[in-house]
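Chains, contacts and geometry: an overview
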Amino acid sequence: YRRIRQFMQHAGQETPSRTTIPDEETRLLRARLILEEALETVHALGVSVHVGGREESLEESDLQLQPSGTVDLEGVVDGCADVSVVTMGTLVAFGIDDEPVLEEVDSANLRKFGPGGYRREDGKWMKPTDWTPPNIEAAIERGNPWG
């Protein structure tokens, strides 16, 4: 978190000391960075992305993933690291400490293995009907790194 915050400061990007909603320009930058790095990682995995014809918001069901070639291991590792950096940078841009949020999400993810959880045909683990989502608001409050 501190390394990424320092990088963003060197790059002249906002790193607020309190939880905030960044301006539209910052939000668009973060969205572009996340998508760019995610798509680079997907391509490095040897997968091509085809988007459905709808003009509204992009939904998971709009994506058609198909194997497209050889896996680029170095590209996959670089892409995963870059995705981590840009998503962490987005938390920095919102003035949110990552540790309490990640702990809360990890806890919620582990609850998915309770009775009723199952593996979907494509390999994604599905949560049980009584699963409770992470309390993100509480994690944000716990994680204000500047009091």
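See the structure above.
Structural notes, computed from the coordinates. (Residues numbered from 1 in each chain as written. Predicted model: local features only at pLDDT ≥ 70, side-chain atom pairs only at ≥ 80, totals over all residues. Heavy atoms only, no water.)

**Notes on the overall build of the protein chain**
Our working rule: Put simply, DSSP marks the helices as runs of H or I at least four residues long and the strands as runs of E at least two long, and each gets a number from the N terminus on. Residue burial is assigned from relative accessible area. The probe radius is 1.4 Å, only protein chains are included, and a residue is buried under 20% of its type maximum, exposed over 50%, and partly exposed in between. We call two residues contacting when some pair of their heavy atoms lies within 4.5 Å. In short, Shrake-Rupley with a 1.4 Å probe defines the accessible areas, and a residue's cover is counted only from the protein chains shown.
Tallying secondary structure elements over the protein chain gives five helices and four strands in all. Along the chain direction, N to C, the helices and strands of the protein chain fall in the order α-α-β-β-α-α-β-β-α. Going through the 147 residues of the protein chain one by one, you find that 25% of them count as buried. Across the protein chain, the fraction of contacts at a sequence separation of at least 24, relative to all contacts at a separation of at least 6, is 58%. Summed over all atoms, the accessible surface of the protein chain reaches about 10,400 Å², with 55% contributed by carbon and sulfur.

**Examining the side chain of Glu-104**
Turning to its location among the elements, Glu-104 is positioned in helix α4 (residues 98-111). Leaving out residues up to four positions away in the same chain, Glu-104 has contacts with Pro-134, Asn-135, Ala-139 and Arg-142.

**So, the packing of aromatic side chains**
The criterion, for reference: In summary, the pairing rule links any two rings of Phe, Tyr or Trp, Trp by its six-membered ring, whose centres are within 6.5 Å, and it sorts them by plane angle into stacked for under 30 degrees, edge-to-face for over 60 and tilted for everything else. Ring-over charges, as used throughout, are those where CZ of Arg or NZ of Lys falls within 6 Å of the ring centre and within 35 degrees of the ring normal.
Across all of its chains, the model carries one aromatic pair by this definition. Between the NZ or CZ atom of Lys-112 and the centre of the ring of Trp-131, over which it lies, the distance is 5.6 Å.

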